[in-house]
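The lines below spell out each chain.
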Amino acid sequence: MVSDVLKSFDPDIAAVVENEYTRQTDKLEMIASENIVSPQVMEVAGSVLTNKYAEGYPKRRYYGGCKFVDVAEDLARDRAMELFDAKWANVQPHSGSQANMGTYLALLDPFSENGKKIPIMGLHLNHGGHLTHGSSVNFSGRLYDVHAYTLDESTGRINMDDVAKMAREIKPRIIVTGASAYPRFWDFERFREIADEVGAWLVADIAHFAGMVAVKKHPTPLPYAHVVTTTTHKTLRGPRGGMIMSNFEAGEILLEGMPKAKTVTEAIDSVVFPGIQGGPLMHIIAAKAVAFKEALQPEFASYIDRVLENAQVLAEELMKRDFKLVSDGTDNHLMLVDLSTKGLTGKESEKALERSGITTNKNMVPGDKKSPFVTSGIRIGTPALTTRGMGTDEMRMIADWIDRALKDVEDKDLHGGIRAEVKEMAQNFPHFKW
Ligand SMILES: *Cc1c(COP(=O)(O)O)cnc(C)c1O
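Positions within a chain are numbered from 1, following the residues in the order the chain's sequence is written. Given that the model is predicted, a residue must reach a pLDDT of at least 70 before its local features are reported, and side-chain atom pairs must reach 80 or more before they are shown or counted; all residues, however, enter totals for whole chains, interfaces and linings. As a rule here, side-chain values cover all heavy atoms of the structure and leave hydrogens and water aside.

**As for the overall build of the protein chain**
Helix and strand assignments come from DSSP, with helices taken as H or I runs of at least 4 residues and strands as E runs of at least 2, each series counted from the N terminus. Within the protein chain, the regular secondary structure consists of 16 helices and 17 strands. Just to be clear, the radius of gyration here is over C-alpha atoms, and the globule rule we use is 2.2 Å times residues to the power 0.38. For the protein chain, the C-alpha radius of gyration of 22 Å lies close to 22 Å, the compact-globule estimate for 434 residues. Taking the principal axes of the C-alpha coordinates as reference, the protein chain spans close to 65 × 60 × 40 Å. Throughout this description, buried means an accessible area under 20% of the type-specific maximum (1.4 Å probe, protein chains only), exposed means over 50%, and partly exposed covers the range between. By residue count, 57% of the 434 residues in the protein chain fall in the buried class. Using the Shrake-Rupley algorithm and a 1.4 Å probe, accessible areas are obtained, with residue cover drawn only from the displayed protein chains. When the accessible area of the protein chain is evaluated, it comes to approximately 18400 Å², of which 52% is carbon and sulfur surface. For the protein chain, the distance from the average site of its 51 positive side-chain charges to the average site of its 59 negative ones is 2 Å. The convention is simple: Lys and Arg are positive, Asp and Glu are negative, and His and the chain ends are not counted. To locate a charge, the coordinates of NZ of Lys, CZ of Arg, CG of Asp or CD of Glu are taken.

Shown next as structure tokens:
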């Protein structure tokens, strides 16, 4: 895992890498936003391309020597467009957050109304939305006048009539869809109708479920959303990074109020660079190209099928053991367990599971009475374990372990026993498996 040179030069960091590798292999990584990249993606991400400055875009760079990295960025863009059936893509955002920032700032100049904040709508952070969808501690909540829509607490789902009613009242200029902790499909078509009715841009942030969209196992937003943003490292299983796509040909939409750029896609390009970023991470962009090529293979489609099958089985097995899931199930790779019915908090459950070798994260549930530091839920996802080759038999074992571990969240001996069983099972599954 680590070279002898690194081990002798910097034993502290060498140990971090080796310990982390061991953690990833002998525990069960069930954080829904995480995955394991292929050795090929890692090889390119750790390559000499990290040395190159390439500010600008292919064939329009501010630096010499970009002949080869231009090939990488063109391939990444072409493959992204093929994968998602998009007409335009920008693969430079360093992260999902920067993909969103680039998009919002291009669509809606927050300083254009003399200090008056412009309204936008996004799913509330406590109901599964992301920080960048309008949280008050994030740039999105500070620059815009955010109105958060929420889940219907009785169904755990988004009620589209409520969204429409709110949009008519608020008249947002951007409606953000997509989430970090929502287990159900999104009705992008209906969102677009609402956006059109109130004159808003529709942004779809598919960071979590991009892998499913790529293989058509989740409705695609591309025919409906003006702009689609994503991360590349969650279900898409690429290197850590972001991407922005659109189905509007350059020149198709004229953007009012943008001083120089004329179209949405030109505006986004110029906000991403030079607006909010400097030099692109060419090693990561090249690794994105490799990951997109992987995602275009039939093996990736069957990987996503197994992610979904595993999530279905895990959800059913947990419900059989009297766990309450938000919305009573899942359409995607993740589920939200509402532990309030068992008298448990997310915080103590996350800890008990961690001691048992199962890594999850505490998460707010709709109508949560607890603070975000405590919460009443945990979020569980299947992408990383499925990459390791685990299937439905392992999901049944995991449901059992979760049930046992949470029978007594204080019992460290109980958790130590489960930890040993988890380790034994986990070691049969390599780190990455096609
Ligand atoms: C993970 C996530 C992001 C942000 O990605 P980072 O790369 O962590 O900045 C944005 N939106 C949603 C919905 C996410 O789940």
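Further notes follow.
**Examining the packing of aromatic side chains**
By convention, a stacked pair of Phe, Tyr or Trp rings (six-membered ring in the case of Trp) has centres within 6.5 Å and planes under 30 degrees apart, an edge-to-face pair has planes over 60 apart, and any other such pair is tilted. As enumerated under the stated definition, the model contains eight aromatic pairs in all. Taking the centre distance of 5.8 Å and the plane angle of 45° together, the rings of Tyr149 and Phe191 count as tilted. Of the two residues, Tyr149 is situated in strand β6 (residues 145-149) and Phe191 in helix α8 (residues 188-198); the sequence distance between them amounts to 42 residues. The same class applies to Tyr149 as to Phe191, namely buried. Between the aromatic rings of Trp186 and Phe191, the centroid separation amounts to 5.7 Å while the plane-to-plane angle is 40°, which identifies the pairing as tilted. Exposure class is identical for Trp186 and Phe191. Each is buried. Aromatic rings pair up to connect Tyr149, Tyr182, Trp186 and Phe191 into one cluster.

**A short note on the domain arrangement of the protein chain**
Assigned domains of the protein chain: these are domain 1 (45-295) and domain 2 (298-426). Where a domain begins and ends is set by an automatic assignment or by a domain database. Inter-centroid distance (C-alpha atoms) of domain 1 to domain 2 is 29 Å. The contact rule is simple, with two residues in contact once any of their heavy atoms fall within 4.5 Å. Taken together, the contacts link 24 residues of domain 1 with 24 residues of domain 2. By convention, the term buried area covers the 1.4 Å-probe accessible surface removed from two parts as they join, with the contributions of both added. The junction of domain 1 with domain 2 conceals about 2200 Å² of combined surface from both sides, 60% of it contributed by carbon and sulfur atoms.

**Description of the sheet that holds strand β10 (residues 201-205)**
Strands sit in the order β4-β12-β11-β10-β9-β5-β6 across an open sheet of seven strands; the sheet is mixed. Looking at the sheet topology across the chains shown, the edges are occupied by β4 (88-90) and β6. Across the sheet, the axes of successive neighbouring strands diverge by a mean angle of 20°, strand direction being ignored. Relative to β10, strand β9 (residues 174-177) runs parallel, the two being bridged by four bridges. Each residue of the ladder has a partner; that of Ile174, found in β10, is Trp201. Angular values range over 0 to 180 degrees, each being the angle between N-to-C directions of two axes fitted as lines to C-alpha atoms, with helices fitted over their stretch in contact. Against the sheet, helix α5 (residues 96-107) touches β9, β10, β11 (227-231) and β12 (242-246), its axis set at about 160° to β11. The sheet contacts of α8 involve β6, β9 and β10, and relative to β9 the element is tilted by about 170°. Here, strands pair whenever DSSP counts at least two bridges between them.

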